[in-house]
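# Examining the three-dimensional arrangement
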Protein chains: 2
Amino acid sequence: MADTFRHQGGSGDARDAGTPDPSALLPGLDEEQLRVLRRVGRAWKRVSGDPGVWRRALPVDPDLGRFPSPEEIVPARFDRLVPISALGGQPPAGETTAGAEAPTSRPGAVGHRVRRVVLGAPLKSTAIAHERMRKLVALPVLSADALSSVAYGPEAMLAILVLGGTAGLGYSLPIAATIAFLMLAVGVSYRQTIRAYPHGGGSYIVAGDNLGRVPGLIAAAGLMTDYILTVAVSIASGVAAITSAAPSLAAATVPIGVIVVAALLAGNLRGIRQAGSLFAAPTYAFILAVFALVAVGLFDAAGHGFHPAAPPPLHATEGVGVLLVMRAFASGATAMTGIEAISNAVPAFEPVAWRNARTTLTWMVGLLIALFAGTVALVHLDGVVPGARETVLSQLAHRSFGAGPMYIFTQAATAAVLLLAANTAYNDFPRVLFLLARDDHAPRMFLRLGDRLAFSNGIILLSVAATVVYVAFSGETASLIPLYAVGVFLAFTLSQAGMVVHWWRLRDRHWRKSLFFNATGGLLSAVVFITAGITKFTSGAWVAVLAVGLFILVTMRIRHHYDTVGRALRLHPCAIELPMHTIPARGPALPTAPGNGAGKSAETEETPEEIHHLSVVPLASLDLAGMRALAYAASLQQPVLALHISPGEDEAERFRGYWSQWGDHLPLEVVVSPYRAIVAPLVNYIEALHRQRPDLTLTVILPEVVARHWWHRALHSRIAPRLRRTLRPLPKIVVTSVPFHV
Amino acid sequence: MADTFRHQGGSGDARDAGTPDPSALLPGLDEEQLRVLRRVGRAWKRVSGDPGVWRRALPVDPDLGRFPSPEEIVPARFDRLVPISALGGQPPAGETTAGAEAPTSRPGAVGHRVRRVVLGAPLKSTAIAHERMRKLVALPVLSADALSSVAYGPEAMLAILVLGGTAGLGYSLPIAATIAFLMLAVGVSYRQTIRAYPHGGGSYIVAGDNLGRVPGLIAAAGLMTDYILTVAVSIASGVAAITSAAPSLAAATVPIGVIVVAALLAGNLRGIRQAGSLFAAPTYAFILAVFALVAVGLFDAAGHGFHPAAPPPLHATEGVGVLLVMRAFASGATAMTGIEAISNAVPAFEPVAWRNARTTLTWMVGLLIALFAGTVALVHLDGVVPGARETVLSQLAHRSFGAGPMYIFTQAATAAVLLLAANTAYNDFPRVLFLLARDDHAPRMFLRLGDRLAFSNGIILLSVAATVVYVAFSGETASLIPLYAVGVFLAFTLSQAGMVVHWWRLRDRHWRKSLFFNATGGLLSAVVFITAGITKFTSGAWVAVLAVGLFILVTMRIRHHYDTVGRALRLHPCAIELPMHTIPARGPALPTAPGNGAGKSAETEETPEEIHHLSVVPLASLDLAGMRALAYAASLQQPVLALHISPGEDEAERFRGYWSQWGDHLPLEVVVSPYRAIVAPLVNYIEALHRQRPDLTLTVILPEVVARHWWHRALHSRIAPRLRRTLRPLPKIVVTSVPFHV
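Residues numbered from 1 in each chain as written. Chains lettered and ligands numbered in written order. Predicted model: local features only at pLDDT ≥ 70, side-chain atom pairs only at ≥ 80, totals over all residues. Heavy atoms only, no water.

## What about the overall build of chain A?
- On a plain count of helices and strands, chain A comes out with 25 helices and five strands.
- The burial tally for chain A puts 61% of its 742 residues in the buried class.
- Across chain A, contacts joining residues at least 24 apart in sequence account for 78% of those joining residues at least 6 apart.
- A total accessible area of about 27,400 Å² is found for chain A, and carbon and sulfur atoms account for 67% of it. (Helix = DSSP H or I, 4+ residues; strand = E, 2+ residues; numbered from the N terminus. Buried < 20%, exposed > 50% of the residue type's maximum accessible area, 1.4 Å probe, protein only. Contact = heavy atoms within 4.5 Å. Areas by Shrake-Rupley, 256 points an atom, 1.4 Å probe, with all protein chains shown as cover.)

Here it is in C-alpha cells:
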C-alpha cells in the first residue's frame, strides 16, 4: 500500500506516524510532476525570456530590506509579524503573543484575547522536538487508560454475573483468570508491534500497511469509537467514584461530566507538555491506593484463613449459561482497553524511543494484571456485589479503610486516574485523524497544528463527540460498556492480524516467535470481538457497528474527492495531453456551442501566451469608484468592455450620453433589463460572451464600495458579492474587485 | 429644501411622488459632475488616444450579433434572458416566467418556483403606467381605511365614557358632533392639498417641502407608525367582528390575525392591480350594511318617538371630568384615520388625476361623516354600551336585524372592509419608504421595485412590524387605540401646517381661502394630537413618541452616511483637488510611513496612467491552479511577485528548489511562518509592501479551487475567502480570484 502515504509529502519517513508534522499540509511534487514542471518552465522561457527582466521590473524590495523599520512594525495590524520583520525571517524578541489568525472585528479581538489567556502564547513549529517524555512520566501518562480500566472492568463483569445470582458469581474467578491471560498475550503481542514500528504502530498504520486500505480504515474506525468511548466511560466512572463518596452529588452526574470534558478540551488545546508532569502523580497515587487496598484486604482475609465472606442473598434473574458467561467475559475485557496506547505513542518517548516504550509497556501490563487480579480476588473474598449507588471499588475501600482519609484518598485517586485515562484518548484520537487526513481519508483541516502544536481540530471533534455520547447515555457507565468492547477489540484484532502478515513477509531474526505471539493475541482479541459483537449487539453494540460502517463510507468518499481534485490539479504540459476522464471534473457542463467543450475552454493554461484576455467592467454609474475600475481595467493593456445594466430605455440613453460626454474611450454595452434584475442579466451576458469565445479568459472587474462598519452594509446594494457568488461556478471567469473605501 | 430631492435622479419631476420609479436607483449626474467628467475624459485622451484602438482590439461582438442563436438561448442558466437574446433588447415571447434573481442552489430553485406560484410572473417596468384606478374603484380601495374606522372609532369613544357611568355616556353626542366637524375641516383641508400637489401630497412631501427636512421626517415617522397601527388595529377589530358573530373563535384571535397579515403580504407582493378590482366590493357592502342598519334602527326609534332607550345600569369607576371627556374625544378621533389616503395616492387615479382624487375625497368624507354620525346616534337611541365579548356594531346589528342573514352580512362586510383598510396601509407605507429612500433617509433597497412592480421590501417590513405589534398587544383593539391617535394626528398637523406655509409663499388665486381651511384643519389636528399625547401618554402613547424619536435619529444617520459616501464617490479632476475633510473617510488609517498618508495613497486614480501596478500571487503549491494564476499574472504584462508561506525552513528550501526547477521565471519571496499561520503573515507582508510604496496599486491574484458541491468546501482550506475578507478594509489592494473548477 505504498500509495496510502502518497500525500504525506514533507514528513520524509513513511513510517514516522507519531510526530505531528506541519509540512504535511504541503504535499511535495513527485518525479513526474517535476519533469512536467521543467517542461512548463521551458515553455515559459519562450515567452518571458530572461527571468532578470521580471526581477528588474519589480518596483519594490521583496525582502522589505530596511523596511519597515522595527518601530514601524509595532503598530501593525496583527501581533505576529514574524515573517516580515526587519530581522529577516526570525521573529523579533517577545513576538510570541499572537493568535493563530488575525482578528479584524472587535468580537474577534476579544475572543483572541480570551484564547491567549486560556491557551497561552503560540509555540513555534521548532518546539515540536521538545515534546518528549521520560519513562517515569510516560508510564503514568500513557497507562492511565489501561490501569484505570480496573475501576470499571471487574464491576462490569460482576454486574452481568449477578444476573445469574450466587451461582453466576461463582464464575468470576475463572473469567478473571482468562482475562488476565488475555492481557498478557495482547501485551506480549504489542511488544512485537513496538519492535516492528519504532515510529509508532497504531492499529491503523499496522493494519493499513499489511492488510490494505479498507482493513486499515476499519481499524481506524474501531480506534476512534474506542477513544470517544474511553472519554465517555472514564468520565462516567470517575464521576461515579466521586458520587460514591458524596452521594449528594449523584443528581449532578451529567453537568459534572460536561464540565470535565470542557476542562480536558482546554487543557489539551494548551498542548501535551504540561500534561506530562501534571498527569504523573494521580496514576501513581491510584496504583498505590489499589495496592494498599488489596494488601489490607488480603491481610484481613488471612485473619479468617482466606475464607470468602458470603455475598448477600441474590435471586437469579437469568439462568447461568454460556451466554451469560460470555457476556460477563466481554464486559470484563473492557478492563484491558488502552493497552495499545503505548505502541501508538512510541515517538513520544525519549530516545531510544522503541526500547523505552517496550520497557514501559512491560511495566504497564504487569501492573495492570496485578491490579485487576487483586481487585477481583478481593471482591471474591469480601463477597461484594455491584450496587446502584456505590461502585465496587468504593465498597472494597470502605471495607478495608472504613470511611477514613485512606478511603477518601482511594476515591480521589480513582477519579483522578480516570480523568487522565480520558486524557490519553485526547492524545491519540487527533493523531489517528492526522494520519487519516495525511492519507486523504479525512478533511485536511486535521493536518493543521494549532497555536500550541496540538491538533486543535481533532481535539475539538473528540470533545464534541464524547459530550454527545456522555449526555445521550446520561453518564451511566453500565449502559456505555456494551458499545465499548466492540470497537476496542476490532482494532486489536486487525492490528495483530496485520502484524502476523508483517512478520510473514519480513522473516527477520526470530520472526517465528513474534508471529506466534501476534497470532495468539490476534486470535484471542478476535474471540472477544465476536463475543462482544454477538452478545451485546442489541444492547448497544449495533451503534458501534453502524458507526464503523458510516465511517468507512465517508472516509472512502473523502479519499475519492481528494483524488479527483489531485488529478485535476496535477501539472500537465498542455491541455491536449489531459487524460480525457478528468475533463468532466471541470466546472458545470455548458450548452455545447461552437468551439466549446474542447480542451480550449478547460482551465488548463500554464503559460502566459496561452491566456487571451477580455476584461468586462460592470458599471452602475460613472462615479469615482466606477472610474477607478475603468482606469484599472484600461491600465492592464488588455481589451476592455464596459457593461451597464439599465432598467429602461431612457436610463440607457442617459448613460450613453454620459459615456460620450466622457469621450467614449472604451467600448460600452448597455443592457436593458425590463424586469429590473441586475445580477441575472449581467451573468447571462457574461456567459454569452464565454460561449462566443470559449478560449478567452474573461476578467470581470467589479468596482466595490467598501463601507467601514458592518451595519452600513445594509445601506449599500450587495451586487458585487452576489455577482461573485453567481459567477463562481462558471469556467474561465476571473473576478476582480477594485475596492473603494468610504 | 431643493437638496432634499438631490437624489431622485431619473424621476424627472421633483413632485412626482406617486409613481414608483425604477430609475431612482440610478442617480443622474449634475452639471458640475458632467464638467469634471469631460475633464477626466480629456485626461484619458492623452493616454489611450484614439478610442477606435480599443474598439478594434475587442475580441468579441459586444452586441452578440447572431450569437447566441435562439435555440442556444433556451438551456441558459437563468430563465430571464431578456437583454442578451438574439431579439435585441426585447424578451423572447413567453420569457416572462422568471424570478427577480437567478437561483443557483437547489433550495434556491425551489424557493424560486414557489415564488412564481405565489406571486405570478414578473412584470416589466413599462407596465407601471397601467396601474391606474377608476374613481369607482379608487373610492373603495382608498377609503376603506377611513370608512372602516367607524367600526372601532365610536366604540373606542364609548369605552372611555362608560368609565364615567351614565353621566359619562351623556357626552357621547357632543363629542361625536365635534369629531364630525373635525372630519369636515380636515377633509376640506386635504382638498387644498390635492390641488396644490397633483402628483401626490403625502404629509412627508408637504411638510418636507414647506417646513424643512426634520418636520418632514417627523411627519413621515407619524405616518409610518400610523400605517403599522392601521394594519394592527384594523385586523384586530376585523377579527373582533368575526368573533362577535362566532364567539367560539375568540381564543384564536392571535393566530387568525397572523394568518391575515401573511395573506395581505402575499397579495400585495403580487401588486396593486388585482387589489383594485378585488377590493371594491366589500367597501360598498359595508357602506350598504351600515346604512341599512342605521335606517332600520331609526325606523324602530321613530316608533317610540325617538325616545332613547335607557342604557343598562352602570356604576361609574371615574368621575366625569375634562380629562375623561378629552380622552374620549382622542379615542373617538381615531374614527378619521386614513382620511389622508387619497391625497397620498393622487397619481393612482386616472387622468385628470387630481380632479378625480378631489371628487373621490369629497365623496369619502361625506360617507364617513354620515356613517359615523348615524352609528353614534343609533348607539345613543338604543342605549348600547361596549361589552368585552361583542363589538358595539355587532350589538346594533343584533338589535336591528336579529341574528338573521342581514346580521351575518353586516359582520362579514365589517370584517372584510377592515382587512381592506389594512391593505390601504400596504399601498402607502412602502411609498413613504420609497420617498424617504429617494431622499437618502432610508436604505436604498426600498427604492427597488419587485418582480411585480410592488415595493417588496417595504411590504415585507410593514408585515413584520404589524405582526410584532399585533402579537405584542395580543390583538386587542382597545389596547392598540392609544398608540394610534398620536402618530396620525402628528402627521395631519404637520401636513396642514406645511400647506399653510405653502399658500403663504404661493399667494395664487384664492390662496386666502385655502390657507384658512388648512389653518383650521391644522389647528384642530394639533388639538387632537396634543390631547391624545397628554391623556394617553402613560397608556401607550409614549411608545409611539419613542418610535418617532428613534426614527428621526436613524433616518438622519442614514442620510449622513449616504452624503459621506456621495461626496467620496464624486468625480474630481485629480487627487490634489480633493477637499481635505473627505480623506479621513477613506479606509483605515495606516501607521504613517514615508510617502504615505498623502493623496498619493488615496484611491483617487481616474486615468490609466495614474495606476502603477504590482501583482502579488500567493502560492501554496506549484499545481495547475497555482500555475494558471502565475500565467494569468504574467500575461498582464505588469510586475509580478510570487509569495509562498512556509511553515518551516525545510519546506521553504523545498519550494525554492521547485521554483528554480521551473526556471525561476518570476521573482519569488518565501515567507517562513513559524507559527503555521497563513493569512496573518500574508496580509502583514502585503501591508508592508503597501507601506513601502503607497502609490502602487497591489493586485493580489488568488488561485482558488472551486469545489462543485457545498459539502466539499469542508474538505478544502478556505484561505482565499478569508484572505479576501481580511484584505477588504485595506486601501489600494485589488483582489483577483482565478478560479479552478474540479
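## Here we look at the packing of aromatic side chains
All names here are of chain A.
- Scanning all chains against the criterion turns up 16 aromatic pairs over all chains.
- Here a set of aromatic residues connected by ring pairs shows up, and it is made of Y190, F489 and F492.
- We note R444 situated over the ring of Y562; from NZ or CZ to the ring centre the distance is 4.0 Å.
- For R507, the ring lying beneath its charged end belongs to W511, and the centroid distance is 5.1 Å. (Phe/Tyr/Trp six-rings, centres within 6.5 Å; stacked < 30°, edge-to-face > 60°. Lys NZ or Arg CZ within 6 Å of the ring centre and 35° of its normal.)

## Concerning unusual backbone geometry
Residue and element names in this part refer to chain A.
- P351 connects to V352 through a cis peptide bond whose omega is -5°.
- Looking at the secondary structure, you find V352 in the loop between α14 (341-344) and α15 (353-382).
- Positive phi outside glycine occurs at H510, with the angle close to 20°.
- Mapping H510 onto the fold places it in the loop between α19 (477-506) and α20 (511-535).
- Residue classification places H510 among the partly exposed positions, given a relative accessible area of 36%.
- At Q637, a residue that is not glycine, the phi angle is positive and equals roughly 60°.
- As for its position among the elements, Q637 is in the loop between α22 (624-635) and β2 (640-646).

## Concerning the packing of helix α8 (residues 172-196) of chain A against helix α13 (residues 322-332) of chain A
Residues and elements named next belong to chain A.
- Viewed as axis vectors pointing N to C, α8 and α13 meet at an angle of 45°, and their least axial separation amounts to 10 Å. Relative to α13, α8 is oriented oblique. The element α8 and its partner α13 pack so that their crossing is right-handed. Every residue of α13 that contacts α8 at I175, T178, I179 and L182 is listed here: V325, A328, F329 and G332.
- Across the contact of α8 with α13, the residue classes tally to six nonpolar, two polar and no charged. (Axes fitted to C-alpha atoms, helices over the stretch in contact; angles between N-to-C directions. Parallel < 35°, antiparallel > 145°, perpendicular 65-115°, else oblique. Left-handed = near helix turned anticlockwise from the far one by under 90°. Nonpolar A, V, L, I, M, F, W, Y, C, P; charged D, E, K, R; others polar.)

## As for the side chain of E669(B)
- Looking at the element boundaries, E669(B) is found in strand β3 (residues 668-672).
- Ignoring anything within four residues of it in the chain, the contact list for E669(B) reads P62(A), D63(A), L641(B), A642(B), L643(B), H644(B) and Y685(B).

## Quick look at the interface of chain A and chain B
- Each side of the interface is counted separately: chain A has 162 residues, and chain B has 163 residues.
- Between chain A and chain B, a total of about 14,600 Å² is buried, with carbon and sulfur atoms accounting for 63% of that surface.
- Considering only the side of chain A, the residues that lose the most area to chain B are Y675(A), R676(A) and R728(A), jointly responsible for 6% of the buried surface there.
- Residue E704(B) pairs with R728(A) through a salt bridge whose shortest N-O separation is 2.8 Å.
- Across the contact surface, chain A and chain B share 35 residue pairs in polar contact (both at pLDDT 80 or more). (Buried area = accessible area lost by both parts, 1.4 Å probe. Salt bridge = Lys/Arg side-chain N within 4 Å of Asp/Glu carboxyl O. Polar contact = N/O pair within 3.5 Å; in protein donor to acceptor, adjacent residues only side chain to side chain.)

## Regarding the relation of the copies chain A and chain B
- Of the two same-sequence chains, chain A is brought onto chain B (RMSD 0.1 Å, axial shift 0.0 Å) by a rotation of 180°. Seen this way, the second copy is the image of the first under a two-fold rotation axis. Every residue of chain A has its C-alpha some distance from the rotation axis, and the shortest such distance is that of T736(A), at 2.1 Å.
- Of the residues that chain A buries at the interface, 100% are likewise interface residues in chain B, meaning the two copies contact each other through the same surface. (Least-squares fit on C-alpha atoms with pLDDT ≥ 70 in both.)

## Brief notes about the pattern of salt bridges
- Per the counting criterion, the structure on display carries 21 salt bridges over all chains.
- Salt bridges linked by common partners bring D30(A), E32(A) and R570(A) together as one network.

## Comments concerning the sheet that holds strand β1 (residues 612-619) of chain B
- Strand order in the open sheet formed by ten strands is β3(A)-β2(A)-β1(A)-β4(A)-β5(A)-β5(B)-β4(B)-β1(B)-β2(B)-β3(B), and the pairing between neighbours is mixed. Lying at the two open borders of the sheet, with one neighbouring strand each, are β3 (668-672) of chain A together with β3 of chain B. Taken over all neighbouring pairs, the strand axes of this sheet differ in orientation by 25° on average, direction set aside.
- Across the sheet, helix α23 (residues 649-662) of chain B touches β1, β2 (640-646) and β3 of chain B, and the angle it forms with β3(B) is around 165°.
- Here helix α25 (residues 719-727) of chain B sits on the sheet in contact with β1, β4 (696-706) and β5 (733-741) of chain B, set at roughly 155° to β4(B). (Pairing = 2+ DSSP bridges.)

## Points about the packing of α8(A) against α19(A)
Residue and element names in this part refer to chain A.
- The interhelical angle for the contact between α8 and α19, taken along N-to-C directions, is 50°, at an axis separation of 10 Å. Judged by the angle between their axes, α8 and α19 are oblique. Note that α8 runs across α19; the crossing there is left-handed. Residue-level inspection shows L182, V186, S189, Y190, Q192, T193, R195 and A196 of α8 in contact with α19, the latter providing F489, F492, S495, Q496, M499, H502 and W503.

## So, the domain arrangement of chain A
- On domain assignment, one finds that chain A holds domain 1 (22-66 + 583-741) and domain 2 (131-562).
- Taking the mean C-alpha position of each, domain 1 of chain A and domain 2 of chain A sit 57 Å from one another. (Domains from an automatic or database assignment.)

## Remarks on the pairing of strand β4 (residues 696-706) of chain A
Residues and elements named next belong to chain A.
- With respect to burial, β4 is a largely interior element, nine of its eleven residues being buried.
- Summarising the sheet, strand β1 (residues 612-619) and β4 pair through five bridges and their orientation is parallel. Paired with S615 across the two strands is T699, which belongs to β4.
- Sheet analysis places β4 next to strand β5 (residues 733-741), joined by nine bridges and oriented parallel. The residue of β5 that forms the bridge with V706 is H741.
- Following the chain from β4 across helix α25 (residues 719-727) to the adjacent parallel β5, one finds a crossover that is right-handed. (Right-handed = clockwise from strand over helix to strand, strands pointing away.)

## Notes on the pairing of β3(A)
All names here are of chain A.
- Most of β3 sits inside the fold, with five of its five residues counted as buried.
- Pairing of β2 with β3, which is carried by five bridges, proceeds in the parallel orientation. Paired with I645 across the two strands is V671, which belongs to β3.
- One crossover worth recording links β2 to the parallel β3 by way of helix α23 (residues 649-662), and it is right-handed.

## Focus on a nonpolar patch on the surface
- Taken together, the side chains of F537(A), W542(A), V543(A), V545(A), L546(A), L550(A), L553(A) and V554(A) make up a nonpolar region of the molecular surface, amounting to roughly 720 Å² of accessible area.
- Tracing the sequence through the fold places V545(A) in helix α21 (residues 537-569). (Patch = residues over 30% accessible without salt bridge, like charges linked within 9 Å, V, L, I, M, F, W, Y side chains within 5 Å.)

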